[in-house]
Amino acid sequence: MNTLPDAKPAPVAGNGATPAIAVSGLRKNRGGAAVLADVTLSVAEGEAVALVGASGCGKTTLLRCLNGLESFDGGVVDVAGFRLEPWKVPPRKDLVRLRTTVGFVFQEHHLFAHLSALDNVALAPRLVKGLRKDEALERARRLLERVGLGERLAAHPHELSGGQKQRVAVARALAQEPSVLLLDEPTSALDPETAEGVAQTIQDLTRGAVTVVLVTHQQDLAKRMAQRILRLENGRIVARGD
Amino acid sequence: MEAAPDLLTKIRERGELVWGGDIQGGEPYVFEDPKDPKRGVIGFETEIAAGLAARLGVRARFFQADWSTLVPSLERGDFDVALNGLEDTPSRRDRILVSVPYFVFGETLAVRAGSTAGSLDDLSGGRIGTLNQSYGYDVLKARGFEPALYEGVFEPYSDLGLGRADGVLLDHIIADRYGCPRKDVRCLPADVARGVYVVGIPRGEASLKTTIDAALEDMIAKGELRAILERWRLWDDRQIELSKPRPSPPPSVPAPAEPAAWTMAQAELFFRGALTTLGLSIAAFALALPIGLGLALARLERSRGLRLLATAYIEAFRGTPLLLQLYVLYFGLAPIVKLGPVTAAILGLGLNYAAYEAELHRGAILAVPPGQTEAARSLGLSRLQTLRHVLLPQSFRIALPAMTNDFVALLKDSSLVSVLTVVELTKRMTIAAIDLRSWIGPGLACALLYFSMSYPLARLAQRLERTLHRGGHEHPA
């Protein structure tokens, strides 16, 4: 369908399984300029892919398009069985299922400031997935233990360190049991040692079970966490790493 | 040694007799000429003042004052004499000198058309309206009534017609003009009591009193007073008493009221007033909060219509005085909705403060970092869930110190509802000040009670503010 001359076939992961994410011909303009010119990519189920590139190259925008946080102007996004199209707001029911299937971790953790770590993680399972309160709290507790915060359940975000906050944010995203996890510079606000720990935690929790798209400008983090590295330049994927 | 010149000397030196009165509801006493308001005031008292001034060999100049504070204003020296339907009562004689009478009035009892009441006693236990500081008030108190006090002459009759009062007792001049002509009001023919209007003169100014008395007696003897009263169609059989040799001492009713003393009963009344103030304020704030929140959300809506409506509400209520809103609600809307005084007071304060709370909460919601909404969206929370579980709990904390301050302001603004005849703390003070013949004790008691309610709240607001600044808040990146 895509007739642009430089359109490339969607890159499919080596194992040949159904792609968890398939993007083709994605375009997005902002203020007259193309932020995403023509992005086509594919991520296999269980695969971890890193998106690298200079700041302002559109990698965060691309990530946000993958779970409907941002709309786009052209192309198609298939993610976890949902199809997103330009200027079409999916019905509320689909959007909720999309959001619970595709988790998102922000560069700035965006933890709910008025809630404890435990309640931050338990809120969405209870409200969105409809878990009973005790079930949601139990799930949150287990997840926080797995990210190494079993002792800080009652702490509020302002009482946690940067690394701890980001761990809670990862637990919060995973509490919805997503099949895809989108990470937007999850460690760039942290010092190298803390970043290392958080990266390790993410890997432990997702490896093989959750499809991961990681946006970062840190080459070494990309190499470490991803099986494949895609480079974004001027709104296009220009190179594929190993 | 030469004593300081007395007031009479000063008036003569100045060439001007300054007389105090109130033009609100002042027809036929003293009022602005409707044909040419710039020309100054007219009315039968204006002509009496001119007659007095002429006899003193000076000009007369009118000074506008609030009728219910004529006596304190006279004591303060705002004007030389008070000449505005000032009834001769024992309580006035305690504070100021009074002249010989220039008018005899009857207290006319007005009841609702269709009422079978034939005398004041038939209305025992009912709600009887009169003016604050009036002779009618003294008469009602002496007869065991707890009068409903109004600030204007039109409102008590309108409330009577609407069934918000059972009777109105006021001077016959007022009753004849504002009450008896109404279709929904019937005036009883017999005077409940009789009294006289006198000129109020500051205490200690005996020479001025003698001169004013002589001037009035001269006006009576020469028929000049009668001519004035006839011109204003006020001359009736009652006025014959004026020419009788000694028209004072003051009239038959009521028994001279001794100044009340500070008693436990007074203190209890003050506490009750404070409770009324507190109760009104809490009820009004409980109304203002949800309405304000609703308006704030409407202003943040995408829908233009909703936004415009909310903005219009907020600007209308913030852009006009609360007092005006209370008048409109209670008196203006009366033909459509007949609200009781307390209901109108709570509604008026609540609707007004809703506008302020709306802006406060809108600001607070906008002050929650956008990342919070973003995170909620990314987790699949609906707009309503985001609002209920993420935004409002945080914006409320941001707004809480300012909300507490607003409540303190509301507590004090609630004194305005006394114009709707609600006896709250401030009104209680003005009533007590009359009964006790002093503003100092009641004023202090009133201030103390307001302060003891507002100060702890102000401290609470400060503490909340400190807690808020200590943390628990995502700082925008």
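Residues numbered from 1 in each chain as written. Chains lettered and ligands numbered in written order. Predicted model: local features only at pLDDT ≥ 70, side-chain atom pairs only at ≥ 80, totals over all residues.

A few points about the overall build of chain A
And step 1. A count of helical and extended segments in chain A gives seven helices and ten strands.
And step 2. Against the globule reference of 18 Å for 242 residues, chain A gives a C-alpha radius of gyration of 18 Å, in line with a compact fold.
And step 3. Projected onto its principal axes, the C-alpha coordinates of chain A cover approximately 55 × 40 × 40 Å.
And step 4. For chain A, restricting intrachain contacts to residue pairs at least 6 apart in sequence, the fraction spanning at least 24 positions comes to 68%. (Helix = DSSP H or I, 4+ residues; strand = E, 2+ residues; numbered from the N terminus. Rg over C-alpha atoms; globule rule 2.2 N^0.38 Å. Contact = placed C-beta atoms within 7 Å.)

Observations concerning the overall build of chain B
And step 1. Along its length, chain B carries 18 helices and 13 strands.
And step 2. Taking the principal axes of its C-alpha atoms as reference, chain B extends roughly 95 × 65 × 50 Å.
And step 3. Within chain B, counting contacts between residues at least 6 apart in sequence, those at least 24 apart form 74% of the total.

Describing the interface of chain B and chain A
And step 1. At the interface, 20 residues of chain B touch 20 residues of chain A.
And step 2. Among the elements of the structure, α15 (370-378) and α16 (383-413) of chain B are those that each provide at least two residues to the side of chain B that touches chain A.
And step 3. Tallied by class, the residues present in the side of chain B that touches chain A amount to six nonpolar, ten polar and four charged. (Nonpolar A, V, L, I, M, F, W, Y, C, P; charged D, E, K, R; others polar.)

A short note on the sheet that holds strand β1 (residues 19-30) of chain A
Whenever strands of a sheet pair, they do so through backbone hydrogen bonds, lying parallel or antiparallel.
Residue and element names in this part refer to chain A.
And step 1. One open sheet accounts for four strands, arranged β2-β1-β4-β5; its pairing is antiparallel. Lying at the two open borders of the sheet, with one neighbouring strand each, are β2 (33-44) and β5 (82-84). Neighbouring strand axes in the sheet, compared pairwise and without regard to direction, differ in orientation by 15° on average. (Pairing = 2+ DSSP bridges. Axes fitted to C-alpha atoms, helices over the stretch in contact; angles between N-to-C directions.)

Focus on the pairing of β2 of chain A
Residues and elements named next belong to chain A.
And step 1. The pairing of β1 with β2 spans eight bridges and is antiparallel. Bridging from a neighbouring strand, leucine 26 pairs with valine 39 of β2.
And step 2. Counting the residues that bridge the hairpin from β1 to β2 gives two residues, and of these glycine 31 lies at a positive phi of roughly 60°.

Quick notes on the pairing of strand β6 (residues 102-105) of chain A
Residues and elements named next belong to chain A.
And step 1. Neither face of β6 is open: one carries Val102 and Phe104, the other Gly103 and Val105, and all of them are buried.
And step 2. Where β6 and strand β7 (residues 180-184) come together, four bridges link them in parallel fashion. Across the sheet, the residue bridging to phenylalanine 104 is leucine 182, located in β7. (Buried ≥ 20, exposed ≤ 12 C-beta atoms within 10 Å, placed from the backbone.)

Things to note about the confidence of the model for chain A
And step 1. Mean pLDDT over chain A works out to 85, with 92% of the residues at or above the 70 mark.
And step 2. Scored below 50 in pLDDT, residues 1-16 of chain A makes 25 contacts in the model with residues more than four places away or belonging to other chains. (pLDDT = per-residue confidence, 0-100.)

A word on the packing of helix α5 (residues 162-174) of chain A against helix α6 (residues 192-206) of chain A
All names here are of chain A.
And step 1. At their nearest, the axes of α5 and α6 sit 9 Å apart, and the two run at 15° to each other. For the element pair α5 / α6, the angle class is roughly parallel. Relative to α6, α5 is oriented so that their crossing is right-handed. Contacts from Gly162, Gly163, Gln166, Arg167, Val170 and Leu174 in α5 reach Thr194, Gly197, Val198, Thr201, Ile202 and Leu205 in α6.
And step 2. Tallied by class, the residues present in the contact of α5 with α6 amount to five nonpolar, six polar and one charged. (Parallel < 35°, antiparallel > 145°, perpendicular 65-115°, else oblique. Left-handed = near helix turned anticlockwise from the far one by under 90°.)

A short note on unusual backbone geometry
Residues and elements named next belong to chain A.
And step 1. Even without glycine at this site, alanine 80 takes up a positive phi of about 50°.
And step 2. Topologically, alanine 80 is positioned in the loop between β4 (74-79) and β5.
And step 3. In this structure alanine 80 comes out as partly exposed when scored by C-beta crowding, with 18 C-beta atoms within 10 Å.
And step 4. At asparagine 234, a position not held by glycine, the phi torsion is positive, near 50°.
And step 5. With respect to the helices and strands, the residue asparagine 234 is situated in the loop between β9 (228-233) and β10 (236-240).

Focus on helix α2 (residues 92-101) of chain A
And step 1. Along α2 of chain A, the residues classified as buried are Leu98, Arg99 and Thr100 of chain A.
And step 2. Next to the buried residues of α2 of chain A lie β5 and β6 of chain A together with α15 of chain B.

So, α5 of chain A
Residue and element names in this part refer to chain A.
And step 1. The end-to-end C-alpha distance of α5 is 19 Å, a good match for the 18 Å that 13 residues give at a rise of 1.5 Å each.
And step 2. Burial runs high along α5: twelve of the 13 residues are buried.
And step 3. On its buried face, α5 is in contact with β6, α3 (117-127), α4 (133-146), β7 and α6. (Expected span 1.5 Å × (residues − 1).)

Let's talk about the nonpolar core
And step 1. Counting 117 residues, the largest nonpolar core has Leu51, Leu66, Val121, Val213 and Leu214 of chain A as the members making the most contacts within it.
And step 2. When residues in this core are grouped by element, the largest group, twelve residues, is from helix α14 (residues 341-367) of chain B.
And step 3. If we skip the residues at most four places from it in the chain, valine 213 of chain A touches Ile21, Val43, Val49, Leu51, Leu63, Leu66 and Leu182 of chain A. (Core = buried A, V, L, I, M, F, W, Y, C linked by C-beta atoms within 7 Å.)

Concerning the confidence of the model for chain B
And step 1. Averaged over all residues, the pLDDT of chain B equals 88, while 93% of them reach at least 70.
And step 2. Note on the complex model: pTM 0.75, ipTM 0.86.

Some thoughts on the packing of helix α11 (residues 264-299) of chain B against helix α12 (residues 304-319) of chain B
All names here are of chain B.
And step 1. Look at α11 against α12: their axes get within 7 Å of each other, and the N-to-C directions meet at 135°. By the angle between their axes, α11 is oblique relative to α12. Handedness of the crossing formed by α11 with α12: left-handed. On α12, the residues touching Leu295, Ala298 and Arg299 of α11 are Leu306, Arg307, Leu309, Ala310, Thr311, Tyr313 and Ile314.
And step 2. Residue composition of the contact of α11 with α12, by class: seven nonpolar, one polar and two charged.

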